[in-house]
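Chain by chain, the residues run as shown.
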Amino acid sequence: TSEETPNVDLITLTRHVLSDQLRLGSTATGDLTLLLTAIQVTSKFIATNVRKARLINLVGLAGETNVQGEEQKKLDVLSNDIMVNALRASGKTAVLVSEELDDAIIIEDGYKGKYCVVFDPLDGSSNIDAGVNIGTIFGIYRVRPDSTGTIEDVLRPGSEMVAAGYTMYGSSANLVLSTGSGVNGYTLDASLGEFILTHPNITIPSRGKIYSFNEGNAMYFHPPVTAYLKSIKFPAPPKSPYSARYIGSMVADVHRTLLYGGIFGYPNDKKSKSGKLRLLYEAFPMAYLTEQAGGIATTGTKRILDIVPTSIHERCPVFLGSKDDVQDLMKFYKETP
Ligand code: AFP
């Protein structure tokens, strides 16, 4: 209530990242912190626009088709522009890859920095008009030591990312971030305009009770996935069946999985040979966060973060979440013909 004494020692995202670097005795130049500051600003800007969308008539089609042949919503275009402009202007980036753009952007010399950012500026856009949670997903690589910034700098395994995160635009804006030493969640305090540490050291429970798959695709699923789903829906007594939760917005489904545990899956199937989700800016950042939170992220047969991308928009099957749940799924891949 307003009578409560306010917290006079708020931990903002910037303060937290800086103190982490000091604590680790890092020789960091502060460039990553500055890049993360730019990303925070874009998230605040996008959050404001998502909130205002209906009022200022942004909901609807922009009349363009993106690289995946999907109709683009105005908010996608806007969010992409916000991110490209801010990341370029930060002076800390060399290569940008966006879900909305066919080609990578190589930053020109005057603005060039040493980081590469891969991002989906507004993921889950089919949910926009219904007011369901949507989000921005990002992953960050450092350019290779002798590189001036080329596409090869992002065609690297996700394990080489130096940071990854997402911002979820829901009843509040939540930024979840890992710079390689655990996962922390921050909530935007709109009155301060700052992301405040609200979820320190997020750790996925080792087993959950929720599964999150689009079972509308069940007729196309391969046998290991079908058998696994059957095992959690019809367990041998005294075990109880799992609950189903599927929002269809990866950021929201993964956010819940990080906090409550369980398993999120978007398999490859008889129709979608490589699944639906994009390796660079969906699977990698979410796999990075999952592992940093103590969970597992796999294609079913191999660790997602070990995949070496061959093109910037490629797809990959994704299963991630609680260690025990994902291990159960992996057993079905080993044992089911
Ligand atoms: P949209 O941006 O087209 O809504 O796709 C969202 C998404 O890439 C990801 O956020 C979801 O996890 C997944 O697709 C949902 O896909 P289905 O609609 O096929 O279940």
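Check the entry above for the structure.
I will try to describe carefully the structure that is included in this document. (Residues numbered from 1 in each chain as written. Predicted model: local features only at pLDDT ≥ 70, side-chain atom pairs only at ≥ 80, totals over all residues. Heavy atoms only, no water.)

## What to know about helix α5 (residues 250-260)
- Burial runs high along α5: nine of the 11 residues are buried.
- Of the residues making up α5, those classed as buried are Met250, Val251, Ala252, Asp253, Val254, His255, Arg256, Thr257 and Leu258.
- Where α5 ends, the next residue or the one after it, Gly261, has phi of about 85°, a positive value. (Buried < 20%, exposed > 50% of the residue type's maximum accessible area, 1.4 Å probe, protein only. Helix = DSSP H or I, 4+ residues; strand = E, 2+ residues; numbered from the N terminus.)

## Regarding the sheet that holds strand β4 (residues 105-106)
- Reading across from one edge, β4-β3-β5-β6-β7-β8-β9-β10 is the order of the eight strands in this open sheet, with mixed pairing throughout. On the outer flanks of this sheet lie β4 and β10 (194-199), each paired with one strand and no other.
- Note: strand β9 (residues 184-189) against β10, five bridges, orientation antiparallel. For Thr187, the partnering residue across the bridge sits in β10 and is Ile196.
- Across the face of the sheet, helix α3 (residues 74-89) comes into contact with β3 (93-98), β4, β5 (112-123) and β6 (134-142) while running at roughly 165° to β5.
- Taken strand by strand, α5 contacts β5, β6, β7 (163-169), β8 (173-178) and β10, and its axis lies near 110° from that of β7. (Pairing = 2+ DSSP bridges. Contact = heavy atoms within 4.5 Å. Axes fitted to C-alpha atoms, helices over the stretch in contact; angles between N-to-C directions.)

## So, the site of the ligand
- The environment of the ligand is made up of 13 residues, and the closest members are Asp123, Ser126, Tyr246, Met250 and Tyr266.
- Contact between the ligand and Asp123: an oxygen atom at 2.5 Å from a side-chain N or O atom of the residue.
- Burial of the ligand by the surrounding chains reaches 82%, relative to a free accessible area of 490 Å².
- Classifying every residue of the shell around the ligand gives four nonpolar, six polar and three charged. (Near = heavy atom within 4 Å. Polar contact = N/O pair within 3.5 Å; in protein donor to acceptor, adjacent residues only side chain to side chain. Areas by Shrake-Rupley, 256 points an atom, 1.4 Å probe, with all protein chains shown as cover. Nonpolar A, V, L, I, M, F, W, Y, C, P; charged D, E, K, R; others polar.)

## Quick notes on the side chain of Gln40
- With respect to the element layout, Gln40 can be found in helix α2 (residues 31-52).
- Non-local contacts of Gln40, meaning those with residues more than four positions away in its chain, are made with Leu13, Thr14, Leu175, Glu194 and Phe195.

## Description of the nonpolar core
- Val154, Tyr166, Leu280, Phe284, Met286 and Val318 are the most contacted members of the largest nonpolar core, which has 45 residues in total.
- When residues of this core are traced back to their parent elements, those giving at least two are β3, β5, β6, β7, α5, β13 (263-266), α6 (279-292) and β15 (318-321).
- In terms of residue count, α6 provides more of this core than any other element does, nine residues in total. (Core = buried A, V, L, I, M, F, W, Y, C linked by side-chain atoms within 4.5 Å.)

## Quick notes on the packing of aromatic side chains
- In the structure shown here, the tally under the stated rule is four aromatic pairs.
- On the numbers, 5.9 Å between centres and 70° between planes, the contact of Tyr228 with Phe332 is edge-to-face. With Tyr228 in helix α4 (residues 223-233) and Phe332 in helix α7 (residues 323-335), this residue pair connects regions lying 104 residues apart in the sequence.
- On the accessibility criterion, Tyr228 (1% relative accessible area) is buried.
- Residue Phe332 is classed as partly exposed on the basis of its relative accessible area of 24%. (Phe/Tyr/Trp six-rings, centres within 6.5 Å; stacked < 30°, edge-to-face > 60°.)

## Considerations on unusual backbone geometry
- Going from Pro237 to Pro238, the amide bond is cis rather than trans, its omega being 10°.
- Tracing the backbone shows Pro238 in the loop between α4 and β12 (243-244).
- Non-glycine residue Asn201 carries a positive phi angle of around 50°.
- Here Asn201 lies in the loop between β10 and β11 (210-212).

## Some words on the sheet that holds β15
- Read across the open sheet, the five strands follow the order β12-β11-β13-β15-β14; overall the sheet is mixed. The sheet terminates laterally at β12 and β14 (296-298), the two strands that pair on one side only.

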